[in-house]
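Residues per chain, in single letters:
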Amino acid sequence: MSSLVPDAAWLAALYAGLDQPPHRLRVPLWAGGAPVGSVEPDLLPRLTLRTGLAQEVERDGARCWEVQGDVTESLGEIAQALRDAGLAHTWRDEQLGVDDPQGRRLGTVERAVVRCLGVTTFAVHMVGLSRAGEHWVQQRSFTKPNDPGLWDTLVGGMVPASDSTALALERETWEEAGLRLAQLAGVSHGGRIFTRRPTDRGSAGYVVEYVDWYRCVIPDGVVPVNQDGEVAEFRLMASDEVLARLQRGEFTTEAALMLLQAGL
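Let me sum up the structure you'll find in this document. (Residues numbered from 1 in each chain as written. Predicted model: local features only at pLDDT ≥ 70, side-chain atom pairs only at ≥ 80, totals over all residues. Heavy atoms only, no water.)

1. Considerations on the overall build of the chain
In terms of helices and strands, the chain carries 5 helices and 13 strands. For the chain, the spread of C-alpha atoms along the three principal axes comes to 60 × 40 × 35 Å. Here the chain holds 264 residues, and the buried ones make up 49% of them. Contacts in the chain between residues at least 24 apart in sequence constitute 65% of all its contacts with a sequence separation of at least 6. Split by element, the accessible area of the chain, about 12000 Å² in all, is 49% carbon and sulfur. A gap of 1 Å separates the mean positions of the 25 positive and 36 negative side-chain charges of the chain. (Helix = DSSP H or I, 4+ residues; strand = E, 2+ residues; numbered from the N terminus. Buried < 20%, exposed > 50% of the residue type's maximum accessible area, 1.4 Å probe, protein only. Contact = heavy atoms within 4.5 Å. Areas by Shrake-Rupley, 256 points an atom, 1.4 Å probe, with all protein chains shown as cover. Lys, Arg positive; Asp, Glu negative; His and termini not counted. Charge placed at Lys NZ, Arg CZ, Asp CG, Glu CD.)

Here it is in structure tokens:
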């Protein structure tokens, strides 16, 4: 446990940062007969799309864009158009789930465009402790599109449509830290965080995400080793150092909240 006490104003700002409005107006995006995200009103008209693929309609008295046809195929066409226009993030050929407000899966979409389309995403993180209570944390690669160079939890990543949360946690633990869950002690679900906020890349993107975080103890002598090139370094930090760095803004917002909730 840290001997320091978090600054009250900083703590309030941290929690406020979880739910922020977009920089610019966004309108609902519908597909499969349900709202699945949001877009800036002029985004889709700027793209080269086949006639009728996306239509501007009124739903519940509000203006919105509605994607026609099979959800996966139609959103795939929009994703390719965003890529051609230079508006997609790094293209990964990875599909994320597209759900209705009740959590029913309607289709999938390329990961690179979920922020442009305001699609709700899901992620997993692991808070790693040593047996002495110090924190294993990672510094994000300086080439990552979001939060480059900031400190983060031991591992973290999105849950693709092909994975359950458990499978995603297992995969991320290996890819980012070179660890197998069987090596770790006390793996347990710690909680869930929900965030809505503009992306770091400007007004065209909007993050809507649920993050399930887990905790574990890394045995003495076991050292995380990155496998996928997305981590600059791992470091073992005492709680006081972690809290001091949190309050200087050196960690991602989500990591700060998870570490605090884990009992920093």
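2. Describing the sheet that holds strand E2 (residues 34–39)
If you walk across this open sheet you meet the 4 strands as E2-E1-E4-E3, and the pairing is mixed. Edge positions in the sheet fall to E2 and strand E3 (54–59), since each of these pairs with one other strand and no more. The sheet shows a mean angle of 40° between the axes of neighbouring strands, direction not considered. Inspection of the sheet shows strand E1 (residues 27–31) paired to E2 by 5 bridges, in the antiparallel sense. Considered in E2, the bridge of proline 28 is made with serine 38. (Pairing = 2+ DSSP bridges. Axes fitted to C-alpha atoms, helices over the stretch in contact; angles between N-to-C directions.)

3. A closer look at the packing of helix H1 (residues 8–16) against helix H5 (residues 253–261)
It is at 10 Å that the axes of H1 and H5 come closest, and there the two elements cross at 120°. In terms of their interaxial angle, H1 and H5 are classed as oblique. Handedness of the H1/H5 crossing: left-handed. Across from Trp10, Leu11, Leu14 and Tyr15 in H1, the residues of H5 making contact are Thr253, Ala256, Leu257, Leu260 and Gln261. Residue classes in the contact of H1 with H5 are distributed as 7 nonpolar, 2 polar and no charged. (Parallel < 35°, antiparallel > 145°, perpendicular 65-115°, else oblique. Left-handed = near helix turned anticlockwise from the far one by under 90°. Nonpolar A, V, L, I, M, F, W, Y, C, P; charged D, E, K, R; others polar.)

4. Section: the layout of surface pockets
Of the pockets and cavities examined, the largest pocket occupies roughly 710 Å³. As for the largest pocket, its lining consists of 34 residues, of which Arg111, Arg140, Lys144, Asn146 and Met158 are closest to the centre. Those elements that provide at least two residues to the lining of the largest pocket are strand E7 (121–130), strand E8 (135–140), strand E10 (155–158), helix H3 (165–177), strand E11 (185–199) and strand E12 (202–218). One number sums up the size of the second largest pocket: a volume of about 460 Å³. Lining the second largest pocket are 23 residues, with Pro35, Val36, Pro101, Thr120 and Val208 sitting closest to its centre. Counting residues per element, the ones that place at least two in the lining of the second largest pocket are E1, E2, E11 and E12. The leading source of residues in the lining of the second largest pocket is E2, at 4 residues. Here the lining of the second largest pocket is composed, by residue class, of 12 nonpolar, 6 polar and 5 charged. (1 Å grid on protein atoms, 1.4 Å probe; cavity = no way out; pocket = protein on both sides within 12 Å on 5 of 7 lines; lining within 4 Å. Points joined across faces, edges and corners; volume = space filled by probe spheres on them.)

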